[in-house]
Amino acid sequence: MQANENASLSTVNYKRMKERVKDLLKSVLELDTISDEISQYNCERWDSLNHLNVIVALEEEFDLSFEPEDITSMNSLDIICSKIERLMQ
Amino acid sequence: MKYHIFRNHTIEPFFKGWDVSFSGYGDISIIEDQKMDAYIWWYQLPYKVNNDIIIKEIENYESLLSLAITNLIANKPVIIFTLQSIFKIDYISSDYRIEKAIYEHNQKLESLAAKNKHIKIVDISGFYNHYSQEQLIDWKFYYLSQMPLNPKLSKDFQTWFNRQVEITEMKRKKCVVLDLDNTLWGGILGEDGLEGIKMGESYPGNAYRSFQEYLLELHRKGIILTICSKNNEKDVIEVWNIHPDIILKKEHITTYRINWNNKADNIKSIAEELNIGLDSLVFIDDNPAERELIKQLLPEIAVPDFPNQPYDFSKWMDSLTYHYFSTYRLTEEDLAKTLQYKENMTRKQMQSEFSDFDSYLKSLEIELTIEPANEINIVRMAQLTQKTNQFNLTTHRYTESDIQNFIDNNFWIYGLRVKDKFGDNGLTGLIIIEIENNQAYINTFLLSCRILGRKIEDEFLKYMLIKLKNTGVEVVKSDYIKTLKNSQVENFYERFHFEIDASSDQQKSYSLNLKKANNIVLSNTYKLIT
């Protein structure tokens, strides 16, 4: 039985990617600290305009293009990371 | 610098990190802000398949701008971007009406600036020209967030715009200090002699000629030219007097130091003689050692690099202009040193067709449709409660089932649809009213930012108040609940003579006695469909 090696990023790569996303969020949202649970619901600065800035920055940082359906749903650190992981395979 | 920006599309990413406030879309109302330093006006053409609508949009911008200008705080600078189309649909390739309308609009901007010292025009095509159409437009973001310009261009935009602001503030250099050998001509005068230096029609002489012509043009525009060269003065004067190819002559040079002393002392002496600061000087010399010397000893002086090859002069001259010599407007002082220019007599005037804002509003042919909640619009209504932050009195967030719940409990739920001669904005307003006996409570009153600035909110509320009164309601209660985003509606209900029943930092509660309210009159500016 062959394991599907491409099912997800290796843990190391995922962690690295997540750190990049966290740094990016900190920078775009102008935050001093950032928690792993950060989302549009618990971060006042993450309004619809800043969400736009976040998406643009993510597209440039990871050289990806997100579809509108994804963009509207990418409103937390976790969801962002899972979308990026899916696209990076 | 704090800016207030009038705009009709989403451009916030382009000013990220700056101290700015944004108007509503197409909203020209002024916010009282003591700390604001300057205004920016940046209107962009939308993507429309009907070119006639584009022409109407341009006329609309002109009316808005004229009306806005009269209301601005007089002495604060206003930076207006020219209009430029990045979308173009050529149905008829000989149909130049849009180009013509854009051109005339920009001409009107020029004459507006000519008459008003505090108004400066910045040519946005200076930015657009660096990009292809694919680079300029990201369609995804256009449809998602009404951004005609690709947000990935933000950083470049900021660099370019900062430079434009410097130019409008007229911070250009006043004086050039020039070397001679291998700078104004090819070769070394002392070694090659009068006949050997290169300034003629063949390469590399022709490149040096271009450079001299460029400097002559700077001189005509009021830049002072000086020479600092290690040469025998006698030899140089001979070049000026008899060399057939020399373009830059003694009469164009304000002062010179042609000797064998070090250049730093010479340049200091030039600055003193001209009585200008070192930071107004640009030093141009082909010799990197001399350039380094001046950079070290006189760091205030601008020392651009020099091209390795004469064929690179043109590109380099453009960058000199861009970095040091662009100016917004030549002052009288500048022109006194230069030739007279003929004035452009045929400038078009920027005018509003409308004497006041209400007539302008009427011209928009605004149609307001007020419709009750139904199984189709309920989706959009819920969405409006989720997304609307600014013009939202209570900021309650509801789902479709919440709204269905209200309907089942006989609440009054009305949506507002706004259409005008430019198109249909769709359902962009919402009111939710709870009625018990003869008392009504406005649970929700909100409008999408897209339709603000046209007093539509007033009409919507007035219509509902009249309807409530006709139903026999005697008292209308409402609340203002303060959030970070809705301060613009802090005093909204006061305008309709609601009385404050209770007030705290976070909230105000109001009531209006409808029996006493006899002068609620609908405007004839809008066509109301109910």
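Residues numbered from 1 in each chain as written. Chains lettered and ligands numbered in written order. Predicted model: local features only at pLDDT ≥ 70, side-chain atom pairs only at ≥ 80, totals over all residues. Heavy atoms only, no water.

### Here's the deal with the packing of helix 2 (residues 48–62) of chain A against helix 4 (residues 77–88) of chain A
All names here are of chain A.
Line of reasoning, step 1. Packing of helix 2 against helix 4 leaves a shortest axis separation of 13 Å and a crossing angle of 35°. Viewed along their axes, helix 2 and helix 4 form a crossing whose handedness is right-handed. Along its contact with helix 2, which presents Val 54, Leu 58 and Phe 62, the element helix 4 presents Ile 80, Ile 84 and Met 88.
Line of reasoning, step 2. Classifying every residue of the contact of helix 2 with helix 4 by side-chain character gives six nonpolar, no polar and no charged. (Axes fitted to C-alpha atoms, helices over the stretch in contact; angles between N-to-C directions. Helix = DSSP H or I, 4+ residues; strand = E, 2+ residues; numbered from the N terminus. Left-handed = near helix turned anticlockwise from the far one by under 90°. Contact = heavy atoms within 4.5 Å. Nonpolar A, V, L, I, M, F, W, Y, C, P; charged D, E, K, R; others polar.)

### Considering the pairing of strand 16 (residues 507–513) of chain B
All names here are of chain B.
Line of reasoning, step 1. Judged by how many residues are buried, strand 16 sits mostly within the fold: five of seven residues are covered.
Line of reasoning, step 2. Bridge count for strand 14 (residues 475–481) against strand 16 is seven bridges, and the pairing is antiparallel. Considered in strand 16, the bridge of Ser 478 is made with Tyr 510.
Line of reasoning, step 3. Relative to strand 16, strand 15 (residues 499–503) runs antiparallel, the two sharing four bridges. (Buried < 20%, exposed > 50% of the residue type's maximum accessible area, 1.4 Å probe, protein only. Pairing = 2+ DSSP bridges.)

### Some points on empty space enclosed by the protein
Residues and elements named next belong to chain B.
Line of reasoning, step 1. Under the criterion given, the structure shown has four cavities of 30 Å³ or more.
Line of reasoning, step 2. Each pocket or cavity is described by its volume, and for the largest cavity that value is around 90 Å³.
Line of reasoning, step 3. The wall of the largest cavity is formed by 11 residues, among which Lys 48, Ile 54, Ser 85, Phe 87 and Lys 88 lie closest to the centre.
Line of reasoning, step 4. Here the residues of the lining of the largest cavity are counted per class, giving seven nonpolar, two polar and two charged. (1 Å grid on protein atoms, 1.4 Å probe; cavity = no way out; pocket = protein on both sides within 12 Å on 5 of 7 lines; lining within 4 Å. Points joined across faces, edges and corners; volume = space filled by probe spheres on them.)

### Describing the packing of aromatic side chains
Residues and elements named next belong to chain B.
Line of reasoning, step 1. Following the criterion strictly, the structure yields 56 aromatic pairs over all chains and no others.
Line of reasoning, step 2. Each ring, one from Phe 81 and one from Phe 161, has its centre 5.4 Å from the other, and the planes form 45°; the classification is tilted. Taken together, the positions of Phe 81 in strand 4 (residues 78–81) and Phe 161 in helix 6 (residues 154–168) put the pair 80 residues apart, joining distant regions of the chain. Phe 161 matches Phe 81 in its accessibility class, with the two residues each being buried.
Line of reasoning, step 3. Summarising the aromatic geometry, the rings of Trp 412 and Tyr 414 are spaced 6.0 Å apart at their centres and angled 75° between planes, so their arrangement reads as edge-to-face. (Phe/Tyr/Trp six-rings, centres within 6.5 Å; stacked < 30°, edge-to-face > 60°.)

### Brief notes about the confidence of the model for chain B
All names here are of chain B.
Line of reasoning, step 1. With 94% of its residues at a pLDDT of at least 70, chain B reaches an overall mean of 89.
Line of reasoning, step 2. Low pLDDT, under 50, characterises residues 335–347; the predicted model gives this stretch 16 contacts beyond four residues in sequence or across chains.
Line of reasoning, step 3. Prediction confidence for the complex, expressed as pTM and ipTM, is 0.69 and 0.84 respectively. (pLDDT = per-residue confidence, 0-100.)

### A short note on the sheet that holds strand 16 of chain B
Residue and element names in this part refer to chain B.
Line of reasoning, step 1. In spatial order, the strands read 15-16-14-13-12-11-10-17; together these eight strands make up an open sheet with mixed pairing. Each edge of the open sheet carries a strand with a single partner, namely strand 15 and strand 17 (527–529). With strand direction ignored, the average angle separating the axes of adjacent strands in the sheet is 25°.
Line of reasoning, step 2. Judged from the six bridges that link them, strand 10 (residues 367–372) and strand 11 (residues 412–420) form a sheet pairing that is antiparallel. Its bridge partner lying in strand 11, Pro 372 is registered against Tyr 414.

### Description of helix 12 (residues 313–325) of chain B
Residue and element names in this part refer to chain B.
Line of reasoning, step 1. Buried within helix 12 we find Phe 313, Trp 316, Met 317, Leu 320, Tyr 324 and Phe 325. Summarising the axial view, the buried residues of helix 12 lie within an arc of 105°, below the 170-degree limit, and thus occupy one face. Of the exposed residues in helix 12, the ones pointing more than 90 degrees away from its buried face are Lys 315 and Asp 318.
Line of reasoning, step 2. Where helix 12 is buried, its residues meet helix 6, strand 6 (175–178), helix 8 (205–220) and strand 9 (281–284). (Arc of directions from axis to C-beta.)

### A short note on the pattern of salt bridges
Line of reasoning, step 1. One pass over the full model with this rule turns up 29 salt bridges over all chains.
Line of reasoning, step 2. With a closest N to O distance of 2.4 Å, Asp 458 of chain B and Arg 495 of chain B form a salt bridge. Of this pair, Asp 458 of chain B sits in helix 17 (residues 456–471) while Arg 495 of chain B sits in the loop between strand 14 and strand 15, placing them 37 residues apart in sequence.
Line of reasoning, step 3. By relative accessible area, which is 16% here, Asp 458 of chain B ends up buried.
Line of reasoning, step 4. A residue is classified by how much of its surface remains accessible, and Arg 495 of chain B, at 47% relative accessible area, is partly exposed.
Line of reasoning, step 5. Here the salt bridges share partners, and the residues they tie into one network are Lys 18, Lys 22 and Asp 36 of chain A. (Salt bridge = Lys/Arg side-chain N within 4 Å of Asp/Glu carboxyl O.)

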